[in-house]
Amino acid sequence: MTDEPVDLIEDTPLTEALGQRYLAYALSTIMHRALPDVRDGLKPVHRRLLYAMRQMRLDPKGSYKKSAKIVGEVMGNYHPHGDQAIYDALVRLVQDFAQRYPLIDGQGNFGNIDGDNPAAMRYTESRLTEITEVLLDGIDEETVDFRDTYDGEDTEPVVLPAGFPNLLANGAAGIAVGMATSIPPHNVHEICDALLYLIKTPGAGLEKLLTFMPGPDFPTGGIIIDEAATILEAYQTGRGGFRVRAKWAVEERPRGGYIIVVTEIPYQVQKSKLIEKIADLMSARKLPLLGDVRDESAEDIRLVLEPKSRTVDAALLMESLFKACDLESRFSLNMNVLGPNQVPGVMDLKAVLLAFLDHRREVLLRRSRFRLGKIEHRLEILAGYLIAYLNLDEVIRIIREEDEPKQELMATFELSDVQAEAILNMRLRSLRKLEELEIKRENKALKQERKDLKELIGSADLQDKKIAGELRDIRDRFGAKAPGGARRTAFASPPEFDVDPFEVLVEREPITVVCSEKGWIRSLKGHQEFQPDTKYKEGDAGRVWLPAETTDKLILFASNGRFYTLACDRLPGGRGMGEPIRLMIDLANEDEIIAMMVHDPARELLVASSSGHGFRVPEAEVVASKRGGKQVLNLIEGAEARVCVPVVGDTLAVIGDTRKLLAFPLEDLPVMARGRGVTLQKYADGGLIDAAPFTLKDGLSVDIGAGKVRTFADMKSYVAGRGGRGKLAPKGFPRSNRFRQAL
């Protein structure tokens, strides 16, 4: 020690200092908080909880202890964090709706599926379950490594022996720094079947393993609606997800009515919040088919849904609810775990199963070596006992007369220190003749056990048989035949509905859609003939007169290449002048509606732009679900959409500003869902004006105005390859260069 001050200031760049400290924090979070170990499926807080409860002798058949006492023991000896965090972890291990196989048996209020909080730790009591006994079995037989606790006064296990496949059986969830984990629970009977097959056939593929364990088995049941190929891909990559729906049934009511009863909801969905969400959607009129919802649950879930009308299809009603609320939810899969070397990584399902088997093999070998050491020690003692029985009188004399009987015994009979100590500690009652026979029998049995253990340690086949026997025992104790062991989550394919739920309650009636030149739209009752005296706003005039029905959809195509959709039942009535279309859709002021028609999903449409590009598109692909429409025709800079007409016939006629007309087969035009399209016609100047499909043998019919149509019968001379320039339009063709009157 010196009297001079010590300089503790280090000159380190801020980025380097922050990086080192953040890396230390991230590693601590990943390894000691968020990610489970692939071998026992536990995080440190769970492992410490279970180990501490074992040290407190809270066996499944013993008495309960206050949770507060358990939390205090864990916090004081093993887990130096907040008591509430430890209690929260304990509570989750008790909840049968959170854990497929609870690891702690609780007594008291530990919360419920509605999301209610558990009682305080001073009111609840806990003890271990039989499954936890299997997880901890053999922990005192040097089967796993131990490390010092945080204060160095005790030791704790690095991992549990884990005779139960807990990682897959109960799943795991956690968020670390830069990574997360999300593993759903599975059925232990199916896991054991897959493990047994993997022991028998190590090279088995994942597809075969999924025949034994087809997917998750959630504690709250439900129905998985994913296809087998989707599930296989998720397990192959270790990443993906599962769509889970509520289980429901129809109960008949008098006069042809019915109600829908939901008996199982998706995993980790709180029932109270689910009902609140449904009520909010009803208030917002987003569930037009649902009349009422009420909760009649007791111990089991019973959520009652009443339809708006008895004519509503139950499956369609449920489909609308699945899309709108958490009666259908997605549970993500991210098998990011700590491997045996404590390195985090994403594993596929087979790798997780193999890691568990490798761990069980390691535990078996370490346990066997531990037992072998105990047998050797006992055989050494028994050998000393037999020497003592053969020389009983001399042994008694030495003990009675010698000052150092231990050393004398070792010298006289060539005994080891252990043997001499055992003889000196022998009770007088053990000197019976019967005891000598028992020692000989024990000696023989131990030698046979030692032989068996050595064979086990040296034979992989015997190890496989031993592990397989343990797995069969787990399957028998906790599998499908045990209480609560049967699979709870089913698999099904969802029904497909093309009907919009909002349309089901719409009564089908004929209407006439009327749209003015300035874009004011309305509907008149019935199919009416065009009426020239129809009133419009001052300075406005009629533009579209279209027969339709209230259940139809109206398709609009704008100059920006986007399609918009309007429901005909929601159009304003015909008593007034209607409403501007721009208030119903998001259409910019510089864009115009160039086509309007009643939707027919069986048709194809021709779309084309002023740059001379176009393609065919199935009309089923253009329906827009939002006000902003759906972009279908992509435009080059400076171009605008010009044409949208139904595809008929076998030939396409195209004309541009050059007044040159070109015709080519429609089959040369590709079918696309979205894009710019291909070149229809090339122009020396200007661009495309109009295009019209027609049947070549029938000729090209053109609207020349004033309700008159002219047909040009011979169009063969205009037929050429797509993308040509064409030739001048025939005499009598309209000066507007259009095949039909503009919309």
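Residues numbered from 1 in each chain as written. Predicted model: local features only at pLDDT ≥ 70, side-chain atom pairs only at ≥ 80, totals over all residues. Heavy atoms only, no water.

1. Re the overall build of the protein chain
Short version of the rule: Think of it this way: any DSSP run of H or I at least four residues long counts as a helix, any run of E at least two long counts as a strand, and we number them from the N terminus. The atom set for the radius of gyration is the C-alpha atoms, and the globule formula is 2.2 Å times the number of residues raised to the power 0.38. Burial classification: accessible surface area is computed with a 1.4 Å probe over protein chains only, and a residue below 20% of its type maximum counts as buried, one above 50% as exposed, and the rest as partly exposed. Two residues qualify as a contact provided that any one of their heavy atoms is within 4.5 Å of a heavy atom in the partner residue. Residue-level accessible areas treat just the shown protein chains as cover; the underlying method is Shrake-Rupley with a 1.4 Å probe. Counting rule for charge: Lys and Arg are taken as positive, Asp and Glu as negative, and neither His nor the chain ends is counted. Note on charges: their place is set at NZ of Lys, CZ of Arg, CG of Asp or CD of Glu.
Regarding its fold elements, the protein chain presents 18 helices and 35 strands. Taken over the C-alpha trace, the protein chain has a radius of gyration of 40 Å; the compact-globule value for 743 residues is 27 Å, which it surpasses by more than 25%. With the C-alpha coordinates aligned to their principal axes, the bounding extent of the protein chain is approximately 145 × 70 × 65 Å. Sorting the 743 residues of the protein chain into buried and exposed places 46% on the buried side. At a minimum sequence separation of 6, the contacts of the protein chain that also span at least 24 residues come to 68%. Taken as a whole, the protein chain presents about 38200 Å² of accessible surface, with 48% of it coming from carbon and sulfur. The distance from the centre of the 101 positive side-chain charges to the centre of the 112 negative ones in the protein chain is 6 Å.

2. Observations regarding the pattern of salt bridges
Operational definition: When a carboxyl oxygen of Asp or Glu is within 4 Å of a side-chain nitrogen of Lys or Arg, the pair counts as a salt bridge.
This structure, assessed with the given rule, holds 41 salt bridges. One salt bridge in this structure joins Glu296 and Arg294, with 2.8 Å as the shortest N-O distance. We classify Glu296 as partly exposed; its relative accessible area is 34%. Overlapping salt bridges, with partners in common, bring together Glu251, Arg253, Arg294, Glu296, Arg302 and Glu306 in one network.

3. Here's the deal with the pairing of strand β21 (residues 553-558)
The condition is simple: A pair of strands counts as paired when DSSP detects no fewer than two bridges linking them.
Within β21, five of the six residues are buried, leaving the element largely enclosed by the surrounding structure. What sits between the antiparallel neighbours β21 and strand β22 (residues 562-567) is a turn of three residues, in which Gly561 has the positive phi angle 85 degrees. By the bridge criterion, five bridges tie β21 to strand β24 (residues 593-598) in an arrangement that is antiparallel. Considered in β24, the bridge of Ile555 is made with Met597.

4. Brief notes about the sheet that holds strand β29 (residues 651-656)
An order of β32-β29-β30-β35 is seen for the four strands of this open sheet, with the pairing classed as antiparallel. Each edge of the open sheet carries a strand with a single partner, namely β32 (688-694) and β35 (727-728). Sheet topology note: the β29/β32 ladder contains six bridges and is antiparallel. Directly across from Gly656, in β32, lies its bridge partner Leu688.

5. Brief notes about the sheet that holds strand β26 (residues 613-618)
Strand order in this open sheet of four strands is β28-β25-β26-β31, and the pairing throughout is antiparallel. What marks the edges here is a single partner per strand, and that holds for β28 (641-646) and β31 (678-679). Bridge count for β26 against β31 is two bridges, and the pairing is antiparallel. Note that in β31 the partner of Gly614 across the bridge is Val678.

6. Points about the packing of aromatic side chains
Inclusion rule: Note on aromatic contacts: the rings of Phe and Tyr and the six-membered ring of Trp form a pair at centre separations within 6.5 Å, being stacked when their planes are under 30 degrees apart, edge-to-face when over 60 apart, and tilted otherwise. We call a charge positioned above a ring when the Lys NZ or Arg CZ atom is no farther than 6 Å from the ring centre and deviates by at most 35 degrees from the ring normal.
Applying the stated criterion to the full structure yields 12 aromatic pairs. Ring plane angle 90 degrees and centroid distance 5.9 Å describe the contact between Phe164 and Phe478, whose orientation is recorded as edge-to-face. Here the residue Phe164 occupies a position in the loop between β5 (155-157) and α6 (166-170), and Phe478 occupies one in helix α17 (residues 460-478), the gap between them amounting to 314 residues. Here Phe164 and Phe478 have matching classes, each one buried. Ring centres of Phe733 and Phe739 lie 5.6 Å apart, and the angle between their planes is 80 degrees; on these two criteria the pair is classed as edge-to-face. Accessibility classification places Phe733 together with Phe739 in one group, the buried group. Through a chain of ring-to-ring contacts, three or more aromatic side chains come together here, namely Tyr51, Tyr78 and Phe146. Looking at Lys537, its charged tip hangs above the ring of Trp520, at a distance of 4.5 Å from the centre.

7. Observations regarding the nonpolar core
Formally: In this text, buried Ala, Val, Leu, Ile, Met, Phe, Trp, Tyr and Cys residues form a nonpolar core when linked through side-chain atoms within 4.5 Å.
Formed by 102 residues in total, the largest nonpolar core has its most connected members in Leu50, Phe164, Tyr235, Leu349, Leu353 and Leu471. At 16 residues, the largest contribution of residues to this core is made by helix α12 (residues 349-390). Sequence-distant contacts of Leu50, defined by excluding residues within four places in its chain, comprise Leu42, Leu93, Leu103, Ile104, Leu128, Thr132, Leu135, Leu136 and Leu160. Core analysis: the second largest hydrophobic core is formed by 27 residues, Ala246, Ile278, Leu289 and Leu290 among them.

8. As for a negative patch on the surface
Stated precisely, the cut-off is as follows: Here, patches come from residues exposed beyond 30% relative accessible area and free of salt bridges, joined within 9 Å for like charges and within 5 Å for nonpolar side chains (Val, Leu, Ile, Met, Phe, Trp, Tyr).
Residues Asp148, Asp151, Glu153 and Asp154 make up a contiguous surface patch of negative charge. Along the polypeptide, Asp148 turns up in strand β4 (residues 146-148). Judged by relative accessible area, which is 54%, Asp148 ranks as exposed.

9. A short note on the packing of α12 against α17
Inclusion rule: For helices, the axis comes from a line fit to the C-alpha atoms of the stretch in contact; other axes are also lines fit to C-alpha atoms, and the angle between any two N-to-C directions lies between 0 and 180 degrees. Roughly parallel means an angle under 35 degrees; roughly antiparallel, over 145; roughly perpendicular, 65 to 115; everything else is oblique. Under this grouping Gly is polar, as are all residues other than the nonpolar Ala, Val, Leu, Ile, Met, Phe, Trp, Tyr, Cys and Pro and the charged Asp, Glu, Lys and Arg.
The geometry of α12 relative to α17 is characterised by a closest axis approach of 10 Å and an angle of 110 degrees between their N-to-C directions. Viewed along their axes, α12 and α17 adopt a mutual orientation that is roughly perpendicular. Across the interface between the two elements, Phe356, Leu357, Arg360, Arg361, Leu364 and Leu365 of α12 pack against Ala460, Gln463, Asp464, Lys466, Ile467, Glu470 and Leu471 of α17. Of the residues in the contact of α12 with α17, the class split is seven nonpolar, one polar and five charged.

10. Things to note about empty space enclosed by the protein
For the record, the criterion: Cavity means a closed set of points on a 1 Å grid over the protein atoms alone, one where a 1.4 Å probe fits but cannot get out, pocket means an open set with protein on both sides within 12 Å along at least 5 of 7 lines, and lining means a residue has an atom within 4 Å of a point. Grid points are joined across faces, edges and corners, and a volume is the space filled by probe spheres set on the points.
This model, assessed by the stated rule, comprises five cavities of 30 Å³ or more. Of the voids in this model, the largest cavity is the one considered here, and its volume is about 60 Å³. Considering the residues around the largest cavity, the lining is formed by Val38, Arg39, Pro165, Asn166, Leu167, Leu168, Val352, Leu353 and Phe356. Contributions of two or more residues to the lining of the largest cavity are made by α6 and α12. When its residues are assigned to classes, the lining of the largest cavity shows seven nonpolar, one polar and one charged.

11. Some details on helix α2 (residues 44-55)
Our working definition: Multiply 1.5 Å by the residue count of a helix minus one, and that product is the helix's expected span.
Over its 12 residues, α2 extends 16 Å from the first C-alpha to the last, a length consistent with the 16 Å expected when each residue adds 1.5 Å. Judged by how many residues are buried, α2 sits mostly within the fold: 10 of 12 residues are covered. Within the span of α2, buried status applies to Pro44, Val45, His46, Arg47, Arg48, Leu49, Leu50, Tyr51, Ala52 and Met53. Following α2 by one or two positions, Arg57 has its phi on the positive side, about 60 degrees.

12. Points about the environment of Arg740
The topology assignment puts Arg740 in the segment after β35. Assessed through its relative accessible area of 29%, Arg740 is described here as partly exposed. Sequence separation of Arg740 and Leu453 is 287 residues, and the distance between their C-alpha atoms is 95 Å.

13. Section: the side chain of Gln419
We apply this condition: As used in this structure description, the phrase polar contact means that two N or O atoms lie within 3.5 Å; if the pair is within protein, one of them must be able to donate a hydrogen and the other to accept it, and residues adjacent in sequence are counted only when both atoms belong to side chains.
When you line up the elements, Gln419 lands in helix α15 (residues 417-424). Accessibility expressed as a relative area gives 10% for Gln419, which makes it buried. Within the structure, Gln419 has its side chain in polar contact with the backbone oxygen of Glu380 (distance 2.8 Å). In this structure, Gln419 is in contact with Glu380, Ala383, Gly384 and Glu414, ignoring residues within four places of it in sequence.

14. Some points on the environment of Arg477
Within the fold, Arg477 resides in helix α17. For the pair Arg477 and Val337, spaced 140 residues apart in the sequence, the C-alpha separation amounts to 27 Å. Excluding anything up to four places from it in sequence, Arg477 contacts Glu130, Val134 and Ala482.

15. With respect to the state of the cysteines
For the record, the criterion: In this description, a disulfide is simply a cysteine sulfur pair whose atoms lie within 2.5 Å.
Tallying each qualifying case throughout the model produces zero disulfides. Cys515 takes part in no disulfide bond, and the closest cysteine sulfur, belonging to Cys568, lies 12 Å away. Relative accessible area serves as the criterion here: at 2%, Cys515 is assigned to the buried category. The closest cysteine sulfur to the non-disulfide-bonded Cys644 is located on Cys515, 15 Å from its own sulfur. For Cys644, a relative accessible area of 8% corresponds to the buried category.

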